[in-house]
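Each chain is listed here by its residues.
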Amino acid sequence: MLRVRRFEERCVELYSAARIRGFMHLYIGEEAVAVGVNEALTDADAVVSTYREHGHALARGVPAEAIMAEMFGKVTGCSRGRGGSMHLFDAGRRFYGGNAIVGGGIPLAAGLALADRMTGRNRVTCCFFGDGAFAEGEFHETANLAALWELPLLLVCENNLYAMGTALARHQAQTDLALRAAGYGMVSWAVDGMDVFAVEDAARRAAEGIRAGTGPHFLEMHTYRFRAHSMYDPDRYRDKAEIEHWKERDPVEGLARRLRDAKELSDKARTALEDRLSAEIDGAVEAAEQAPDEPVEDLLKYVTSPVGVSRP
Amino acid sequence: MTATHTRTTDPAASSDRKTTYREAMREALREALRTDERVFLMGEDVGRYGGCFGVSLGLLEEFGPERIRDAPLSESAFVGAGIGAALAGMRPIVEIMTVNFSLLALDQILNNAATLLHMSGGQLPVPIVIRMTTGAGRQLAAQHSHSLEGWYAHIPGLRVLAPATLTDARYMLAPALADPDPVLIFEHGSLYNVSGDLPADTGPVDIDHAAVRRPGTDVSLITYGGSLPKALAAADDLANDGISAEVVDLRTLRPLDDTTIGDSVARTHRAVVIDEGWRTGSLAAEISARVTEQHFYDLDAPVGRVCSAEVPMPYARRLEEAALPQVDGIVAAARRAVGGPVPTGADAAERQAVTGRAG
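A. Structural view of the overall build of chain B. Along its length, chain B carries 15 helices and 14 strands. Along the longest, intermediate and shortest principal axes, the C-alpha atoms of chain B span 60 × 45 × 40 Å. With 359 residues in all, chain B has 61% of them scored as buried. For chain B, long-range pairs separated by at least 24 residues make up 80% of all intrachain contacts whose partners lie at least 6 apart in sequence. Accessible surface for chain B amounts to roughly 13,100 Å². Of this, 53% is attributable to carbon and sulfur atoms. Averaging the coordinates of the 32 positive side-chain charges in chain B and doing the same for the 46 negative ones gives two points 2 Å apart.

Below, the structure written as structure tokens:
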């Protein structure tokens, strides 16, 4: 969680210095969800994510260096500079992005789960999306299809109370999202998304249920983003007091406090951890800066597969 | 973009035999399902109903509900699920009832299927085949009759096929399935009942190149799909008047085969493009522009176009017929290209289609 937090704090600096461009959506405040859920998944499982996916990618094990290089648009980036912040991919880690159409990744995740189901592979596909996606038809079409076909799909809704700048009560007729998902016949729970242990516990139980063949599960994570929707967002729609209130429940500091109280993380160990992460991120930035650009001659590469390649 | 495949020899195909376009498509599906266990067919009514157009009739009984998968009326979800399944190693064939309904899945087709390979820096090819009907001529009115394949041909990352003959209906699916990238197959609704002899031993169909369906020397009629029979009929009419029309069947709408088109124009020096899409921003516009860009000095006449009138497709037969490219209009356009006399009635019909002015 601390890696995700520090990585993104560095991203803010780099964005302000115009080293990172485009749209950038920060996950700061929501780290417990990505980390807790990924703890419950195995390497064989799949993850489908949104445009706010730095945290999901890091928690999935995508190296900070590959992500940073991607944001710099370099050839060493995890999408070879074609994707940027919103489109991180790592096929080897079964990390399927990086979808910047709200809700667009949800049917895709159902398909990954369908393939596992049809081939008898006991794997889970986890799909992250926000409360905004709950208004999209793609969520509802997929929820119906996944429940109907009993797909091994874990739907994780990160309810951070805002669809871009529109508060939940202003965009959802019924704001109890777990209740609505349950209407599709899925096991659905609401979870404290600021508590990494609660998240991990819920995700583990859901994953076990899915592996046992009980079909899709839905987790509504109550969480909050401490920063604006994107770097362009002036954040005029939220009360400062509300943000401060949620910051009191900061998942990263909350965990640190608990570990300190349990004498599992001394101040010295915390400092050492901070130093290690700082060095890792410094290294990622330096590597990204020095990495070569993708040559413009390669612009048209990867539009279609290379000539001579047929399906494996 | 090259696709290769090997076709298993079917003893029943050792000599010419009578079949229909619908049966040829079904045979192609059956072969794909038998040859590769990763292949499955998914879509609305493909199973118990036997396919909205009867293409998949009997396949459920043969292959079971896991592989002949009836989907809810959720185009976006089941097309997206097909894309996800393709990413995970399956070989889905997704059927969408008509191109009009495919718009409900356009996000998945454009933003995912066509985009993932590039956006992931080459990591995520999407080996999916999406089939759908297109076109008018059966009095189904505006929401079941449009020809939007030109829109899909606009999109980099897709291969777009339009089988117009029994042979292509039978043998295009295998190379489509062998292509590592997304392939869209547009089946014109008026072709399903077309019957004829399926030639034996055609071998794999080449999905990289257009085909000259009828050689000629005076004018190139460039078309595809449901308009091919009309272009061939027009070529017969023109032959009666001593005009030798060459008919080029594009077969693959993306990538376009500039070479075959160009070679034909270089032979005939005149071109008419027949496209059931609306004229404005159409595939016909693209072909016309390419011919002009690449073969301007070969041309003895402006490139002609015969397209659908600029109107949502009407129900009434007379109106629908007037809106669509017809043989008379093609003949008139070809005659205009060669500088011959144009019959008055045909001229009016063709002009209407060309200008898009109704009445």
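From this point, things continue past the structure.
B. Broad picture of the packing of helix 2 (residues 31–39) of chain A against helix 9 (residues 196–211) of chain A. Residues and elements named next belong to chain A. Where helix 2 meets helix 9, the closest approach of the two axes is 7 Å, and the angle between their N-to-C directions is 40°. One element, helix 2, and the other, helix 9, form an angle in the oblique class. The element helix 2 and its partner helix 9 pack so that their crossing is right-handed. On helix 9, the residues that touch Ala32, Val33, Val35, Gly36, Val37 and Glu39 of helix 2 are Val196, Val199, Glu200, Ala203 and Arg204. A per-class count over the contact of helix 2 with helix 9 returns seven nonpolar, one polar and three charged.

C. How the structure looks around the side chain of Thr223 of chain A. When you line up the elements, Thr223 of chain A lands in the loop between strand 8 (217–222) and helix 10 (240–247). The class for Thr223 of chain A is buried, based on a relative accessible area of 0%.

D. Spatial organisation of the interface of chain B and chain A. The interface is formed by 50 residues belonging to chain B together with 44 residues belonging to chain A. Taken together, both faces of the contact between chain B and chain A bury some 3,700 Å²; the carbon and sulfur share is 61%. Contact with chain A buries surface across chain B, with His118, Met119 and Gln123 of chain B losing the most and accounting together for 17% of the total. Joining chain B to chain A, the criterion identifies zero salt bridges.

E. The arrangement of the sheet that holds strand 4 (residues 91–98) of chain B in detail. Residues and elements named next belong to chain B. Pairing is mixed across the open sheet formed by seven strands, whose spatial order is 3-2-4-5-7-6-12. Taken across any chain shown, the strands that pair with only one partner, and hence form the sheet edges, are strand 3 (68–70) and strand 12 (252–254). Between one strand and the next, the sheet's axes are offset by a mean angle of 20°, whatever the strand orientation. In this sheet, strand 7 (residues 183–188) lies alongside strand 5 (residues 129–134) in parallel orientation, the contact comprising six bridges. Within the sheet, the bridge partner assigned to Thr134 lies in strand 7 and is His188. The sheet contacts of helix 1 (residues 21–35) involve strand 2 (39–43), strand 3, strand 4, strand 5 and strand 7, and relative to strand 2 the element is tilted by about 130°. The strands touched by helix 3 (residues 75–87) within the sheet are strand 2, strand 4 and strand 5, with strand 4 carrying the most contacts at an inclination of about 160°.

F. Inspection of helix 6 (residues 137–148) of chain A at higher detail. A rise of 1.5 Å per residue sets the reference length of helix 6 of chain A, with its 12 residues, at 16 Å; its end C-alpha atoms lie 16 Å apart and thus fit the reference within 8%. Those residues of helix 6 of chain A that sit buried are Glu138, Phe139, Thr142, Ala143, Leu145, Ala146 and Ala147 of chain A. Among the structural elements, helix 5 (105–119), strand 3 (125–130), strand 4 (153–159) and strand 8 of chain A together with helix 3 and helix 5 (106–113) of chain B are those in contact with the buried residues of helix 6 of chain A. Following helix 6 of chain A by one or two positions, Glu150 of chain A has its phi on the positive side, about 50°.

G. Focus on the confidence of the model for chain B. Here chain B averages 92 in pLDDT, and 91% of its residues register 70 or above. Per the prediction output, this complex has pTM 0.94; the corresponding ipTM is 0.95.

H. Just the packing of helix 4 (residues 64–71) of chain A against helix 12 (residues 267–290) of chain A, in detail. All names here are of chain A. Between helix 4 and helix 12, the least distance of the axes is 8 Å, while the angle of their chain directions is 40°. When the axis of helix 4 is compared with that of helix 12, the two are oblique. Note on packing geometry: the crossing formed by helix 4 with helix 12 is right-handed. Contact with helix 4, carried on its side by Ala64, Glu65, Met68 and Ala69, involves Glu280, Ala284, Val285, Ala287 and Ala288 of helix 12 and no other residues of that element.

I. Up close: the side chain of Arg52 of chain A. Residue and element names in this part refer to chain A. Along the chain, Arg52 turns up in the loop between strand 1 (46–49) and helix 3 (54–60). For Arg52, which is buried and forms no salt bridge, the nearest opposite charge comes from Glu30, at a distance of 4.3 Å. Engagement of the side chain of Arg52 in a polar contact is seen with the side chain of His229, the distance being 3.0 Å. Here Arg52 is in contact with His25, Leu26, Tyr27, Glu30, Asn160, Arg225, Ala228 and His229, once residues within four sequence places are set aside.

J. Representation of the pairing of strand 7 of chain B. All names here are of chain B. Across the six residues of strand 7, six count as buried, placing the element largely inside the fold. Burial along strand 7 is two-sided: Val183, Ile185 and Glu187 and Leu184, Phe186 and His188, pointing in opposite directions, are all buried. Relative to strand 7, strand 6 (residues 159–161) is paired through three bridges, and the arrangement is parallel. Note that in strand 7 the partner of Leu161 across the bridge is Ile185.

K. Molecular detail of the state of the cysteines. Residue and element names in this part refer to chain A. The final tally for this structure, using the stated rule, is zero disulfides over all chains. Of all cysteine sulfurs, the one in Cys127 lies closest to Cys126, which takes part in no disulfide; the gap is 7.2 Å. The exposure class assigned to Cys126 is buried, which follows from its relative accessible area of 0%.

L. Representation of helix 12 (residues 283–295) of chain B within the structure. All names here are of chain B. Taking 1.5 Å of rise per residue, 13 residues should cover 18 Å, and helix 12 covers 18 Å from first to last C-alpha, within 8% of that figure. Within helix 12 the residues assigned to the buried category are Leu283, Ala284, Ile287, Ser288, Val291 and His295. Looking straight down helix 12, one finds that the buried residues subtend no more than 135° of arc, so they occupy a single side. Buried-residue contacts for helix 12 involve helix 7 (149–153), strand 10 (219–223), strand 12, helix 11 (258–268), strand 13 (271–278) and strand 14 (304–308). For helix 12, the capping residue at the N-terminal end is Ser282, with a side-chain oxygen 3.3 Å from the backbone nitrogen of Ala284.

Basis of the calculations
Residues numbered from 1 in each chain as written. Chains lettered and ligands numbered in written order. Predicted model: local features only at pLDDT ≥ 70, side-chain atom pairs only at ≥ 80, totals over all residues. Heavy atoms only, no water. Helix = DSSP H or I, 4+ residues; strand = E, 2+ residues; numbered from the N terminus. Buried < 20%, exposed > 50% of the residue type's maximum accessible area, 1.4 Å probe, protein only. Contact = heavy atoms within 4.5 Å. Areas by Shrake-Rupley, 256 points an atom, 1.4 Å probe, with all protein chains shown as cover. Lys, Arg positive; Asp, Glu negative; His and termini not counted. Charge placed at Lys NZ, Arg CZ, Asp CG, Glu CD. Axes fitted to C-alpha atoms, helices over the stretch in contact; angles between N-to-C directions. Parallel < 35°, antiparallel > 145°, perpendicular 65-115°, else oblique. Left-handed = near helix turned anticlockwise from the far one by under 90°. Nonpolar A, V, L, I, M, F, W, Y, C, P; charged D, E, K, R; others polar. Buried area = accessible area lost by both parts, 1.4 Å probe. Salt bridge = Lys/Arg side-chain N within 4 Å of Asp/Glu carboxyl O. Pairing = 2+ DSSP bridges. Expected span 1.5 Å × (residues − 1). pLDDT = per-residue confidence, 0-100. Polar contact = N/O pair within 3.5 Å; in protein donor to acceptor, adjacent residues only side chain to side chain. Disulfide = S-S within 2.5 Å. Arc of directions from axis to C-beta.

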